[in-house]
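# An overview of the molecular structure
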Amino acid sequence: MRIIPIPEIYVGSTALNEVLPFLDRLSAEKLLVVTDKGIVKAGIYENLENILSTAGKTIILFDGVQPDPSITLVSEVTDLARKADIDAVIGIGGGSSIDSAKVAAASIGNEGDIDKYIGIDQLKKDSIPMIAIPTTAGTGSEVTPIAILSDEKEHLKKGIVSNKIIPKCAILDPTLTVGMPQHITAFTGMDALTHAIEAYTSVNASDYSDPLALRAVTLISNNIRKAYKNGTDIKAREAMLKGSLLAGIAFANAGVTAVHAFAYPLGGTYHIPHGLANSVMLPVVMEYNMVGSEDKFTDLARCMLDKEDVNAQSAVAFVNKLSSDLNIPRNLAELEIPGEVISDLAEGAMKVTRLLANNPRKIELEDAKKIYTAAYKR
Ligand SMILES: [Fe+2]
C-alpha cells in the first residue's frame, strides 16, 4: 500500500486566521494569491487580504482564473509567479483557482512550459510552499496531487499528477462557503460524492482509503440537502467541507474511475461543469460497475441511507433521488448534447486510460457507447 502525503489541515469557522502563523513559520513575506473575479467581488478575498496586509505581507494578486483553466491561462499565472520572486502561493476559490495556484508554485524551480509537466511524475523539483483555501466543497484539490488543465487545441482535459504539487497547507473555513450559489453547492457536492464512491469501488481501494471514503459518503449524504436548502447553515457547510476533504484524500490514494473518465469529454468539448457532468454519468456508471461489486455498493448504500436493510440498487436509487432533489439535469439530452456525438464521446472517454485502469469492471469501446446511450435519455 502506498500512502500519498497530506497537507497540514485546519477546519472550522475561524480556520482562515491560521494562514498567518503558517506563513510566519515559513518566513514567507511575499505572496502570490491566485483566485477569480467572483471571489473578489463576493468579498471573500477581502477577508484574506485584511489578514495578510495587516501583518505587513506583500501580495501579488492574480484574479483572472476562469472555470476549467486552459494551459494558456495557467501559463499567464506561472509567468507572473516566475517574475515576482515570491516566497509562497495561496490559491483561494474553487478547484480551478487551487489547481492554477498549484501549477504556479511548481513553476518556480521547475523549468520550461507547463505542458511539459502534464502526465504522471513529470516534475523534477519541489514546488515552493502552496496554501489551498477552498470556497467550494467538492474538488478535494486542497489535498490531491493533481491539477487539471484544459488543452484548448485538443478539447481535452489533462492532468498534472505529482506529489510535488500537493499543497503544504489546506484551510477549510465554512464561513467562506456561505455565499456559494445553490447550483454550485449541488454540482460541487455531487463531485465530492462521486470521488468518495469511486475511491471506494476503485481496484486500488485500500484499508487506508476505504474508511475515509465511507465517512465522506455519510457526511455528504447527510448534509448536501441542508447546505443546498439553506446556504448559511454553517454546520452543514462545515460537514460538506470535511466530506469533500476526506473524499479527496481517499481518491488521491485509490483513484477515481469511469465516472470521471466519462465526464471529461463532456467538460472538454461541451464545457459542461465538472460536477454536473459527473452527476449525470454517476448513476449510469454505478449500474454498470455494480455487476460483481454488489457488496461494495451495498456498503455505500448503508452510509447513504443510514440503515442496514439495503442492497446495491439502493445506492443508485439514492443518487437518482438526490440529483432530482437538487434540481440537477437528469440526462445528456437535457444538457443539449447532440445524440449523434455519442461515438465521439465514447472514443474520448476511452482515451482516459489513467482512470479507466482503476475501474472495477472492464470497459471496451462498445460498452462506453452503451453507457453514454443510457445516459442520453433516461
Ligand atoms: Fe472530480
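Residues numbered from 1 in each chain as written. Predicted model: local features only at pLDDT ≥ 70, side-chain atom pairs only at ≥ 80, totals over all residues. Heavy atoms only, no water.

## Overview of the overall build of the protein chain
Looking only at helices and strands, the protein chain has 15 helices and nine strands in total. What you see for the protein chain is a C-alpha radius of gyration of 20 Å, in line with the 21 Å of a compact globule of 378 residues. Judged by the C-alpha coordinates and their principal axes, the protein chain covers about 55 × 40 × 40 Å. Within the protein chain, buried positions represent 58% of all 378 residues. As displayed, the protein chain has an accessible area near 15200 Å², and 50% of this comes from carbon and sulfur atoms. Distance between charge centres in the protein chain, computed from 37 positive and 46 negative side chains, equals 1 Å. (Helix = DSSP H or I, 4+ residues; strand = E, 2+ residues; numbered from the N terminus. Rg over C-alpha atoms; globule rule 2.2 N^0.38 Å. Buried < 20%, exposed > 50% of the residue type's maximum accessible area, 1.4 Å probe, protein only. Areas by Shrake-Rupley, 256 points an atom, 1.4 Å probe, with all protein chains shown as cover. Lys, Arg positive; Asp, Glu negative; His and termini not counted. Charge placed at Lys NZ, Arg CZ, Asp CG, Glu CD.)

## Focus on the domain arrangement of the protein chain
Under the domain assignment, the protein chain is made up of domain 1 (8-176) and domain 2 (181-376). Taking the mean C-alpha position of each, domain 1 and domain 2 sit 25 Å from one another. Counting the surface lost from both domain 1 and domain 2, the interface buries some 2100 Å², and carbon and sulfur atoms represent 70% of this. Of all residues in domain 1, Ala-137, Lys-157 and Pro-174 give up the largest surface area on contact with domain 2, accounting jointly for 26% of the area buried on that side. The interface formed by domain 1 and domain 2 contains two residue pairs in polar contact (both at pLDDT 80 or more). Taken together, the residues of the side of domain 1 that touches domain 2 break down into twelve nonpolar, nine polar and three charged. (Domains from an automatic or database assignment. Buried area = accessible area lost by both parts, 1.4 Å probe. Polar contact = N/O pair within 3.5 Å; in protein donor to acceptor, adjacent residues only side chain to side chain. Nonpolar A, V, L, I, M, F, W, Y, C, P; charged D, E, K, R; others polar.)

## Observations regarding the packing of aromatic side chains
Enumeration according to the criterion identifies one aromatic pair in this entry. Ring geometry for Phe-262 versus Tyr-372: centroids 4.8 Å apart, planes at 50°, classification tilted. With a gap of 110 residues between them, Phe-262 in helix 9 (residues 258-270) and Tyr-372 in helix 15 (residues 365-376) connect regions that are remote in the sequence. Using a relative accessible area of 0% as the deciding quantity, one classes Phe-262 as buried. Residue classification places Tyr-372 among the buried residues on the basis of a relative accessible area of 0%. Taking NZ or CZ as reference, Lys-296 lies 4.2 Å from the ring centre of Tyr-200, over its face. The lysine or arginine in question, Arg-361, covers the ring of Tyr-288, its NZ or CZ lying 4.0 Å from the ring centre. (Phe/Tyr/Trp six-rings, centres within 6.5 Å; stacked < 30°, edge-to-face > 60°. Lys NZ or Arg CZ within 6 Å of the ring centre and 35° of its normal.)

## Some thoughts on the nonpolar core
Residues Phe-262 and Met-281 are the most contacted members of the largest nonpolar core, which totals 85 residues. Per-element tally for this core: the top contributor is helix 8 (residues 234-254), with eleven residues. Split by domain, the residues of this core number at least three in each of domain 1 (8-176) and domain 2 (181-376). With residues up to four places along the chain from it excluded, the contact list for Phe-262 reads Met-281, Ala-349, Leu-356, Ile-363, Ala-368, Ile-371 and Tyr-372. The next biggest cluster of nonpolar side chains, apart from the first, holds 23 residues, and it includes Ile-44, Ile-92, Ile-131 and Ile-133. (Core = buried A, V, L, I, M, F, W, Y, C linked by side-chain atoms within 4.5 Å. Contact = heavy atoms within 4.5 Å.)

## Details of the coordination of the iron ion
Summarising the metal site, the iron ion is bound by the protein donors Asp-191 (OD), His-195 (NE2), His-260 (NE2) and His-274 (NE2), whose distances to it range over 2.1 to 2.2 Å. Around the iron ion, the four donor atoms are arranged such that angles at the metal cover 83 to 168°; this shape is classified as irregular. When the donor residues of the iron ion are listed from N- to C-terminus, their spacing reads D-x3-H-x64-H-x13-H. In this pair, Asp-191 and His-195 are both assigned in helix 6 (residues 182-201), four residues apart and thus about one turn of the helix distant. You can call His-195 buried: its relative accessible area is 2%. (Donors = N, O, S within 2.8 Å, 3.2 Å for Na, K, Ca; no water. Tetrahedral: all angles 85-135°; square planar, octahedral: opposite > 155°, others 65-115°.)

## Section: the side chain of Ser-279
Its location among the elements puts Ser-279 in helix 10 (residues 274-290). On the basis of relative accessibility, which here comes to 3%, the residue Ser-279 falls in the buried class. In this structure the side chain of Ser-279 is engaged in a polar contact, spanning 2.7 Å, whose partner is the backbone oxygen of Gly-275.

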